[in-house]
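Each chain, written out:
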Amino acid sequence: MPAHGFTPILLCLLPVWIILTAVSSHPQRSPCQLIQTTALCNNAKLSSVPSGLPSNIEELQLNYNHMQTLQDDSLLHYPSLNSLSLACNSLEKLESNTFQHSKLLESLNLANNNLYIGDPETSYALKKIPGLRALDLSENKLDDEMAATLLQNLTSLEYLNLSGNLLQRLDETSFRDLHLLKELDLQRNIMFEIDGAFDSNPKLQRLNLAFNYLPCLTDFHMTQMVVLNTSHNFIEWFISRQDLNDTFQLETLDLSHNKLLFFPFLPSHSHLRNLYLSHNSIRFYEHLADNSTFPNSTTTVEFYNLKKYTSNTTAKLWDDSLHGDISSLEILDLRGNQVGYFPRGFIQKMPMLSRLGMCTNCLETLNLTSEQFSGSLYELDLSNNRLNQIVADEYTLTTLGNLTYFNLSLNDLEWLPLKLFSSLPSLRSVDLSYNNIDVCPSEEDEIKTETISSCVDWRNVVSLGQLYLKGCNIEIIPSSAFTGLSLTHLELSDNPGLIVQQSIQSLSRTLQHLGLGNTHLQDFDFSHYKHLKFLNISRNSLDHLPPSLLDLDLKVLDLRDNRLSTIPSGLANTLAPKLHIVFLTGNPFNCCQTEWFRTFVTTKTISMVGQSEIECEDPVQIIHTVQHLQPSVCWEEGGESIFWYILLFVPICLSFVGISIIVLLTFKPKMLQKSIKKRCLKPTSY
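Since this is a predicted model, take the numbers as computed values, not measurements.

Here is what the cut-offs are and how they apply
Residues numbered from 1 in each chain as written. Predicted model: local features only at pLDDT ≥ 70, side-chain atom pairs only at ≥ 80, totals over all residues. Heavy atoms only, no water. Helix = DSSP H or I, 4+ residues; strand = E, 2+ residues; numbered from the N terminus. Contact = heavy atoms within 4.5 Å. Buried < 20%, exposed > 50% of the residue type's maximum accessible area, 1.4 Å probe, protein only. Lys, Arg positive; Asp, Glu negative; His and termini not counted. Salt bridge = Lys/Arg side-chain N within 4 Å of Asp/Glu carboxyl O. Disulfide = S-S within 2.5 Å. Patch = residues over 30% accessible without salt bridge, like charges linked within 9 Å, V, L, I, M, F, W, Y side chains within 5 Å. Areas by Shrake-Rupley, 256 points an atom, 1.4 Å probe, with all protein chains shown as cover. Phe/Tyr/Trp six-rings, centres within 6.5 Å; stacked < 30°, edge-to-face > 60°. Lys NZ or Arg CZ within 6 Å of the ring centre and 35° of its normal. Pairing = 2+ DSSP bridges. Polar contact = N/O pair within 3.5 Å; in protein donor to acceptor, adjacent residues only side chain to side chain. pLDDT = per-residue confidence, 0-100. Arc of directions from axis to C-beta.

Enquirer: Mind laying out the overall build of the chain, listing which residues take part and the relevant values?
Expert: On a plain count of helices and strands, the chain comes out with nine helices and 41 strands. Restricting to contacts in the chain with at least 6 residues of sequence separation, those with at least 24 account for 50%.

Enquirer: With reference to specific residues and values, describe the side chain of D185.
Expert: Following the sequence through the fold, D185 ends up in strand 11 (residues 183-185). Buried charge without a partner: D185 forms no salt bridge, and the closest opposite charge is R188, 8.1 Å away.

Enquirer: A description of the state of the cysteines should follow, citing residues and the corresponding values.
Expert: Taken as a whole and assessed by the stated rule, the structure comprises three disulfides. Two residues, C32 and C41, share a disulfide whose sulfurs are 2.0 Å apart. Its S-S torsion of approximately 110 degrees makes the covalent link between C32 and C41 right-handed. The two residues C32 and C41 agree in class, both being buried. One disulfide bridge connects C591 with C616, the sulfur atoms lying 2.1 Å from each other. One quick way to see it: the torsion about the S-S bond of C591 and C616 is about 95 degrees, and its sign makes the bridge right-handed. Of this pair, C591 sits in the loop between strand 38 (589-590) and helix 7 (595-602) while C616 sits in strand 40 (residues 615-617), and the two are 25 residues apart along the sequence. Accessibility assignment for this pair places C591 and C616 in one class, buried.

Enquirer: Report on a nonpolar patch on the surface, specifying residues and quantitative values.
Expert: A cluster of nonpolar side chains, namely L166, I190, F192, Y213 and F234, defines an oily patch on the protein surface of about 450 Å² accessible area. With respect to the helices and strands, the residue I190 is situated in the loop between strand 11 and strand 12 (193-194).

Enquirer: Outline the packing of aromatic side chains, listing residues and values.
Expert: Taken as a whole and assessed by the stated rule, the structure comprises 18 aromatic pairs. Seen in terms of ring centroids, W237 and F262 are 5.0 Å apart; in terms of plane orientation they differ by 20 degrees. Their pairing is stacked. Of the two residues, W237 is situated in strand 16 (residues 237-240) and F262 in the loop between strand 17 (252-254) and strand 18 (274-276); the sequence distance between them amounts to 25 residues. Residue classification places W237 among the buried positions, given a relative accessible area of 15%. With a centroid separation of 4.4 Å and 40 degrees between ring planes, the pair formed by F589 and W596 is classed as tilted. Here a set of aromatic residues connected by ring pairs shows up, and it is made of W237, F262, F265 and Y285. We note R188 situated over the ring of F211; from NZ or CZ to the ring centre the distance is 4.0 Å.

Enquirer: Provide a residue-level description of the sheet that holds strand 40, including the pertinent values.
Expert: Strands belonging to one sheet form pairs held by backbone hydrogen bonds; the direction of such a pair is parallel or antiparallel. Strands sit in the order 38-40-41 across an open sheet of three strands; the sheet is mixed. What marks the edges here is a single partner per strand, and that holds for strand 38 and strand 41 (623-625). In terms of strand pairing, strand 38 meets strand 40 through two bridges, oriented parallel. Looking across to strand 40, one finds that N590 is bridged to E617.

Enquirer: Describe in detail the pairing of strand 16, supporting the description with residues and values.
Expert: Sheet faces and side chains relate simply in a regular strand, where the side chains alternate between the two faces. Burial along strand 16 is two-sided: the face carrying W237 and I239 and the face carrying F238 and S240 are both buried. The pairing of strand 14 (residues 216-220) with strand 16 spans three bridges and is parallel. Bridging across to strand 16, C216 finds its partner in W237.

Enquirer: Pulling in residues and values, what's your account of the side chain of S156?
Expert: As for its position among the elements, S156 is in the loop between helix 3 (144-150) and strand 9 (159-161). A polar side-chain atom of S156 sits 3.5 Å from the main-chain carbonyl oxygen of P130. The contact partners of S156, leaving out residues within four places of it in the chain, are P130, G131, L132, R133 and L180.

Enquirer: Explain the pattern of salt bridges to me, and be specific about the residues and the numbers.
Expert: This structure, assessed with the given rule, holds 14 salt bridges. The residue K93 makes a salt bridge to E121 at a minimum N-O spacing of 3.3 Å. Pair noted here: K93 is in strand 6 (residues 93-94) and E121 is in helix 2 (residues 119-127), with a separation of 28 residues, a long-range link. Measuring nitrogen to oxygen at the nearest pair gives 2.9 Å for the salt bridge that ties D457 to R459. Residue D457 shares its accessibility class with R459, and that shared class is buried.

Enquirer: So what's going on with the confidence of the model for the chain? Residues and values would help.
Expert: Close reading of the predicted structure is inappropriate where its pLDDT is low. In the predicted model, the chain carries a mean pLDDT of 86, and 84% of its residues have values of at least 70. Across residues 1-27, where pLDDT falls below 50, the model places zero contacts with residues more than four positions away in sequence or in other chains. Low confidence marks residues 636-641, where pLDDT is under 50. Its contacts with residues over four positions away, or in another chain, come to 11 contacts.

Enquirer: Can you tell me about helix 7, naming the residues and giving the values?
Expert: Within the sequence span of helix 7, burial applies to W596, F597, T599 and F600. An end-on view of helix 7 places all buried positions within 160 degrees of arc, on one side of the element.

Enquirer: Which residues make up helix 2, and what values do they have?
Expert: When we look at burial in helix 2, the residues that qualify are D119, T122, S123, A125 and L126. The buried side chains of helix 2 occupy one side of the element, clustering within an arc of 160 degrees when seen end-on. Among the structural elements, strand 6, strand 7 (107-109), strand 8 (134-136) and helix 3 are those in contact with the buried residues of helix 2.

Enquirer: Give a description of unusual backbone geometry that names residues and reports values.
Expert: Here the phi dihedral of L410 falls at roughly 55 degrees; this positive angle occurs in a residue that is not glycine. Here L410 lies in the loop between strand 26 (405-407) and strand 27 (416-417). The residue N518 is not glycine, and still its phi comes out positive at about 55 degrees. For N518, the location among the structural elements is in the loop between strand 34 (513-515) and strand 35 (534-536).

Enquirer: Give me the lowdown on the environment of L255, citing residues and values where you can.
Expert: Along the chain, the position of L255 falls in the loop between strand 17 and strand 18. The exposure class of L255 is buried, given its relative accessible area of 0%. Separated by 21 residues in the primary sequence, L255 and F234 have C-alpha atoms spaced 9.9 Å apart. If sequence neighbours within four positions are ignored, L255 has contacts with T230, I235, F238, L260, P264, Y276, L277 and N280.

Okay, structure coming up:
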């Protein structure tokens, strides 16, 4: 009987039990994405390592989560783990036995955490990884001692990233256990001393010391180094050890953005291919080598190791022959220095040179004949110097047959070798902007006996594709100037009053980029230039757009700083689907004729540069931004402003009131007198 009494109760509870069982047995949605043996658990708001993943995963990514501590048993279920990434969490420490079962782990990313808090215990955890090859400890606020503690006994490490920490001084104990280290990233610390820090790393090949506070490198002797980046420091001297007969393996040296006064003293034997020295204060001092000019000047400088109180480096001043081995150099970047000339034989030491960047220096003359550039040179940038003349003979120009890119802009050039460009068969891009060079007329043929000319001639240079003549004060370009050319880029902006219509018609089949900004352009027929993609007609005081633009398939159109009051709807509707970028700022648009703006805004494929700065004027000459223009500014779309209606209505009202008063005074004078007497002439009490 008692058993039968419980039956109704069980029957009532059965549905509830079924529902609870179904819910509990329903699989939980995993926060991770599985791709073969890789588990991606990034941005999953995890506070611990998930335990329900397959045990055979080899790579686990847990970036951008909320973990503070990695427990001893966190990775217990994943013995096959080869790569683990925990970047951008809030990790303060890893417990000492975290990796006791991760014997196969080779790559560990702990970047952007707070490991400075628990570095001793984290150090014990790292020691339990027998085959760790790559370790990222960047952005963890680690100082010198913390980093040394974490790196103890990591003898298998090959790649180490300590960038973005608080390292200040490194010595021979900093990386003494990392005998297999090949690549080390120390950029963006606050280091000012690295005395003997890498003597225990004989296999170190790539070292990044950029964005620190190093004052000098005066005993460079790491013969195994391949890539060294010491850019963005305060280095005044770079001197390699000159007494070593071993060949340095150095291929790339970056000393840009420092305080160098002298060309670096490079190794005597090396394979250096890329040398970056831009934005320093480098000059050559060959003219100071003769003591008779400055008899009391110092000729040597010694560098001392303050810790050992010994002199370890002596350098000769003013000796420009001490450049080291640059015979393998292919790229030399000297932009933004103070070089006024090249020492004798300097260029000849670089027979493999292919790129020379000399932008923003102090060169006044360039003698291509005496410098003897190599035939492998294909890029030469001499822009923004003080050049007034270039000297070259016919043999020298023949040697430069591989030159492809030639930049001579922003100089004071007035004379050039007559056949400078026609003798360079591989030339593709020439920039002569902002010089005082004219274009040679066809009659120039009669002076071909001369070696230099005050004008330039590039006719029949078949390879030439890009020509920049911006700001050369050119007024007329002869009709035959572009004969035999197939230019795709022609820049003629900043030549006020330029007459160019006829001369460039021969380029109509190839021209894709045309710059005619600030040329006083008024009427120009663009209909022939079917391949034009970029057109600059800014700063030309245009009050309407040329209708011939309708025939073009433009992608970029620059209309800045003209006098456009509107863009006709038909032209806007045609241009909008084609254009990708349009510049419109600096025009006095009419606020009551802005239908073109709505057309451009609704076309998703077009970008209006400076859209928030496009302005218009309303009928009372108040300036508005077109983007935030209120409809009430104009009465209706047709352009009639409510102001005009108010201006018309007020005089009518005033006239009506005035006429009414005159009529009243004329026909009802007695009524007015009685009214005045009644209101103003009241009887007194006496």
